[in-house]
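Examination of the molecular architecture
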Amino acid sequence: MDAIRWGILGAGGIAATVAADIAGVPGNELAAVAARDGERAAAFAQRHGVARSYGSYAQLLADAGVDVVYLATTHAQHHEQALLTLRAGKPLLVEKAFTLNAREAREVVAEARQRGLFCMEAMWLRLQPLVRRCAELAADGTIGNVLGVRADLSKLFPYDPAHRLYDPAQGGGALLDLGVYPATFCWLLLGRPDSVQASGSLAPTGTDVTVGMQWLHGDRLSQIYCSAAGPSPFGALVTGTDGWLRLEPRLHRATRLVVHVGDNEYVIEQPPPEGNGYRYEVAEVARCLRAGELESPLVPLDDTVGILEVLDEARRQLGVRYPADEG
Ligand SMILES: NC(=O)c1ccc[n+]([C@@H]2O[C@H](COP(=O)([O-])OP(=O)(O)OC[C@H]3O[C@@H](n4cnc5c(N)ncnc54)[C@H](OP(=O)(O)O)[C@@H]3O)[C@@H](O)[C@H]2O)c1
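Since this is a predicted model, take the numbers as computed values, not measurements.

**Focus: the sheet that holds strand β5 (residues 92–94)**
Judged by pairing direction, the sheet is parallel, and its 6 strands sit side by side in the order β3-β2-β1-β4-β5-β6 without closing on themselves. Only two strands of the sheet have a single neighbouring strand rather than two, namely β3 (52–54) and β6 (119–121). Averaged over all pairs of adjacent strands, the angle between their axes in this sheet comes to 25°, without regard to strand direction. Here 3 bridges tie strand β2 (residues 28–34) to β3, and the two strands are oriented parallel to one another. When the sheet's bridge partners are listed, Val33 is paired in β3 with Ser53. Sheet strands touched by helix α4 (residues 75–87): β1 (4–9), β4 (68–71) and β5. Its angle to β5, the strand with the most contacts, is close to 175°.

Okay, structure coming up:
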């Protein structure tokens, strides 16, 4: 295959950030962008060197010069737009959270599998070299038997009822925006939990703001924290019978992995990646497309669905409902 030609749906914040990284990975090019407003799409195209722009998503999906679609819209739009993309015959990369709930995710995954089209959640955390190294060291017994995982991702989103994070209709909430990262990390280390306990605080609009979760996996425990009310310096800690692994500073942008075994400690350093941090996921999508793989073994769709099942249960306990949950 020649260069992979990307089309971007949505011309918002993350679209701009990831566009720069698509352009930064050899063998990938920015073929088209679509926004609901044609002028915004055209301005985005000019700013980011995208070949073509469209004022409707349907036009981009009909563009034969687009090999893969990057869906960079808000959570509540992912389900419908992912289905439209697949029905147009295009492989796709879907921003996290993949969909609002597990039911929607199962429908998208079923459509992709039935049509034989590549599909992946843009869970770039799983492609970070230090996260992968941490999971490998835990799996190979470096710290003995793994006992538990603690992980956090927090960031201040000032309260604004109109912001997507605080709007239930847009799939707002710290869990889907931030918590999905530490949840994915704990899943990566310990797999599906047997039980989930969640508690947290809600915004006046009803979306979750600060959430703590405990997942029990047999006799092992995950503790997950996320907050949209303020930042946190904590990344992740994996404890075992012989030592621990600590990712620093923050989970999704870790540059240090501290390996502590017995009385010995060493640090694996990983300089910040070139670009904005999304080149690994761009390269993985391109690799899968070139190899004819329909799912990335590094970001399996069954994990994407399973994690949303657990987050559904956490939201049920928190009392956070989206209009789409009634569907
Ligand atoms: N991977 C990461 O590190 C990362 C970081 C931030 C956000 N995200 C994820 O990326 C997605 C977008 O977040 P963002 O921060 O880029 O948001 P944003 O700046 O608000 O952009 C969202 C885009 O969604 C589109 N959209 C389509 N239908 C919409 C509707 N009915 N209401 C509102 N927007 C609609 C808009 O596209 P038009 O241009 O067509 O108007 C807008 O450009 C979310 O899923 C978020 O969780 C990921």
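**What about the pattern of salt bridges?**
Oppositely charged side chains are able to pair whenever their charged atoms sit close together. Per the counting criterion, the structure on display carries 24 salt bridges. The residue Arg113 makes a salt bridge to Glu295 at a minimum N-O spacing of 2.7 Å. Of this pair, Arg113 sits in helix α5 (residues 102–115) while Glu295 sits in the loop between α8 (279–291) and α9 (301–318), and the two are 182 residues apart along the sequence. The exposure class of Arg113 is partly exposed, given its relative accessible area of 41%. As a salt-bridge pair, Glu248 and Arg256 come within 2.9 Å of each other at their nearest N and O atoms.

**Section: the nonpolar core**
If you look at the biggest cluster of nonpolar residues, it comprises 116 residues, and the most contacted ones within it are Ile8, Phe185, Met213, Val238 and Leu247. The biggest single contributor to this core is helix α7 (residues 174–190), with 12 residues. Not counting residues within four places of it along the chain, the set of residues in contact with Val238 comprises Cys134, Ala138, Ile143, Val146, Gly148, Val149, Phe185, Leu189, Gly243, Trp244 and Leu245.

**Comments concerning the environment of Arg113**
Residues Arg113 and Leu86 lie 27 residues apart in sequence; the distance between their C-alpha atoms is 9.9 Å. Leaving out residues up to four positions away in the same chain, Arg113 has contacts with Glu295, Leu301 and Asp302. Separated by 2.7 Å, the side chains of Arg113 and Glu295 make a polar contact.

**Overview of the packing of aromatic side chains**
Using the criterion set out here, one finds 3 aromatic pairs in the structure. With 4.3 Å between their ring centres and 40° between their planes, Trp124 and Tyr278 make a pair best called tilted. Of this pair, Trp124 sits in the loop between β6 and α6 (129–139) while Tyr278 sits in the loop between β14 (264–269) and α8, and the two are 154 residues apart along the sequence. Residues Trp124 and Tyr278 agree in their burial class; the two are buried. Judged by centre distance (4.9 Å) and plane angle (80°), the rings of Tyr159 and Tyr166 are edge-to-face. In this structure an aromatic cluster arises from ring pairing among Trp124, Tyr181 and Tyr278.

**Considering the site of the ligand**
By nearness alone, 23 residues border the ligand, and Arg36, Arg40, Tyr57, Lys96 and Tyr278 come closest of all. Within the side chain of Arg40, an N or O atom sits 2.4 Å from an oxygen atom of the ligand. Note that an oxygen atom of the ligand is positioned 2.7 Å from one of the backbone N or O atoms of Lys96. According to the grid-proximity analysis, the pocket containing the ligand is the largest pocket.

Criteria and thresholds
Residues numbered from 1 in each chain as written. Predicted model: local features only at pLDDT ≥ 70, side-chain atom pairs only at ≥ 80, totals over all residues. Heavy atoms only, no water. Pairing = 2+ DSSP bridges. Helix = DSSP H or I, 4+ residues; strand = E, 2+ residues; numbered from the N terminus. Axes fitted to C-alpha atoms, helices over the stretch in contact; angles between N-to-C directions. Contact = heavy atoms within 4.5 Å. Salt bridge = Lys/Arg side-chain N within 4 Å of Asp/Glu carboxyl O. Buried < 20%, exposed > 50% of the residue type's maximum accessible area, 1.4 Å probe, protein only. Core = buried A, V, L, I, M, F, W, Y, C linked by side-chain atoms within 4.5 Å. Polar contact = N/O pair within 3.5 Å; in protein donor to acceptor, adjacent residues only side chain to side chain. Phe/Tyr/Trp six-rings, centres within 6.5 Å; stacked < 30°, edge-to-face > 60°. Near = heavy atom within 4 Å. 1 Å grid on protein atoms, 1.4 Å probe; cavity = no way out; pocket = protein on both sides within 12 Å on 5 of 7 lines; lining within 4 Å. Sits in = over half its atoms within 2 Å of the grid points.

These results come straight from atomic positions and should not be treated as a statement about function.
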